[in-house]
Amino acid sequence: MSYRIGIGYDIHKLVKGRKLVLGGILVPFDKGLLAYSDGDVVIHAICDALLGASGLGDIGLHFPDSDKKYKGISSLELLKETVNKVRACGCEIINIDTVIIADKPKLSPYRKAMVDKLQQALKVNNGVVNIKAATNEGIGPVGSRAIASYAVALLEKDV
Ligand code: MG
């Protein structure tokens, strides 16, 4: 057995007329994230952390936005496909930790629902996924004009 660690980061711009989807959950807000998919920065960061830890590249390589089948797709589908690829190369998830950076809306009421939804999509036990939300204290565009997310993943590989 060997341990593998991966890091992921994503950011999307907040715009009017889009739904806000974070951690696979619809969060009521007057803006959403502009993206080719549903713009779920939390899932995109997790996918990159998982792919990075597995040595499989990044999300853009596996799900290119030049491919029409990914237009408007729920990122939960990308996450399910990603974890299948991760398991296919002999890796299992030990834990995933994430940070969401958003000044608004307040995300703590949705944290548990996000964790449950992600653990279900990843087919992992309770306690494997952790989500933290932070504000950027109104400093600069991150958190106010855009929402960003970081993720780290620790995997165990069968070699
Ligand atoms: Mg993205």
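Figured I'd write up the structure that's included with this text.

Rules used in this analysis
- Residues numbered from 1 in each chain as written.
- Predicted model: local features only at pLDDT ≥ 70, side-chain atom pairs only at ≥ 80, totals over all residues.
- Heavy atoms only, no water.
- Helix = DSSP H or I, 4+ residues; strand = E, 2+ residues; numbered from the N terminus.
- Rg over C-alpha atoms; globule rule 2.2 N^0.38 Å.
- Buried < 20%, exposed > 50% of the residue type's maximum accessible area, 1.4 Å probe, protein only.
- Contact = heavy atoms within 4.5 Å.
- Areas by Shrake-Rupley, 256 points an atom, 1.4 Å probe, with all protein chains shown as cover.
- Lys, Arg positive; Asp, Glu negative; His and termini not counted.
- Charge placed at Lys NZ, Arg CZ, Asp CG, Glu CD.
- Core = buried A, V, L, I, M, F, W, Y, C linked by side-chain atoms within 4.5 Å.
- Polar contact = N/O pair within 3.5 Å; in protein donor to acceptor, adjacent residues only side chain to side chain.
- Donors = N, O, S within 2.8 Å, 3.2 Å for Na, K, Ca; no water.
- Salt bridge = Lys/Arg side-chain N within 4 Å of Asp/Glu carboxyl O.

A few points about the overall build of the protein chain
For step 1, the next point in the chain: Of regular secondary structure, the protein chain possesses four helices and seven strands.
For step 2, the next point in the chain: When the helices and strands of the protein chain are listed from N to C terminus, the series reads β-β-β-β-α-α-α-β-α-β-β.
For step 3, the next point in the chain: Relative to the compact-globule value of 15 Å for 159 residues, the protein chain shows a C-alpha radius of gyration of 15 Å, a close match.
For step 4, the next point in the chain: A principal-axis box enclosing the C-alpha atoms of the protein chain has dimensions of 45 × 35 × 25 Å.
For step 5, the next point in the chain: A total of 159 residues make up the protein chain; the buried ones form 47% of that total.
For step 6, the next point in the chain: Taking the contacts inside the protein chain whose residues are at least 6 apart along the sequence as the reference set, 73% of them involve residues at least 24 apart.
For step 7, the next point in the chain: On the protein chain, roughly 8100 Å² of surface is accessible, and the fraction owed to carbon and sulfur atoms is 55%.
For step 8, the next point in the chain: For the protein chain, the centre of its 21 positive side-chain charges and the centre of its 17 negative side-chain charges are spaced 5 Å apart.

Some details on the nonpolar core
For step 1, the next point in the chain: Among the nonpolar cores identified, the biggest contains 43 residues, and Leu 22, Leu 50, Leu 79, Ile 93, Leu 122 and Ile 147 are the most heavily contacted of them.
For step 2, the next point in the chain: Going through the elements one at a time, helix H1 (41–54), helix H3 (75–88), strand S5 (91–101), helix H4 (111–122), strand S6 (129–134) and strand S7 (146–157) are the ones with two or more residues in this core.
For step 3, the next point in the chain: At nine residues, the largest contribution of residues to this core is made by H1.
For step 4, the next point in the chain: The contact partners of Leu 79, leaving out residues within four places of it in the chain, are Ile 43, Ile 46, Cys 47, Leu 50, Leu 118, Ala 121 and Leu 122.

Focus on the side chain of Ser 75
For step 1, the next point in the chain: For Ser 75, the position within the fold is in helix H3.
For step 2, the next point in the chain: Judged by its relative accessible area of 0%, Ser 75 is buried.
For step 3, the next point in the chain: For Ser 75, the side chain forms a polar contact with the side chain of Asp 38, separated by 2.5 Å.
For step 4, the next point in the chain: Reaching out from Ser 75, the side chain makes a polar contact with the side chain of His 44 at a distance of 2.9 Å.
For step 5, the next point in the chain: Sequence-distant contacts of Ser 75, that is, excluding residues within four places in its chain, are made with Ser 37, Asp 38, Asp 40, Ile 43 and His 44.

Regarding the coordination of the magnesium ion
For step 1, the next point in the chain: Binding of the magnesium ion to the protein goes through Asp 10 (OD), His 12 (NE2) and His 44 (ND1), at separations of 2.1 to 2.2 Å.
For step 2, the next point in the chain: Here the donor residues for the magnesium ion map to a single chain with the spacing D-x1-H-x31-H. Placement of the pair is Asp 10 in strand S1 (residues 2–15) and His 44 in helix H1, with a sequence separation of 34 residues.
For step 3, the next point in the chain: Under the relative-accessibility criterion, His 44 is labelled buried at 8%.

Quick word on the pattern of salt bridges
For step 1, the next point in the chain: Counted according to the given criterion, the structure contains five salt bridges.
For step 2, the next point in the chain: As a salt-bridge pair, Asp 30 and Lys 16 come within 3.4 Å of each other at their nearest N and O atoms. With Asp 30 in the loop between strand S3 (25–26) and strand S4 (32–33) and Lys 16 in the loop between S1 and strand S2 (21–22), the pair connects residues that are 14 residues apart, well separated along the chain.
For step 3, the next point in the chain: Among the residues examined, Asp 30 registers a relative accessible area of 46% and is labelled partly exposed.
For step 4, the next point in the chain: Linking Asp 116 and Lys 112 is a salt bridge whose minimum nitrogen-to-oxygen distance equals 2.7 Å.

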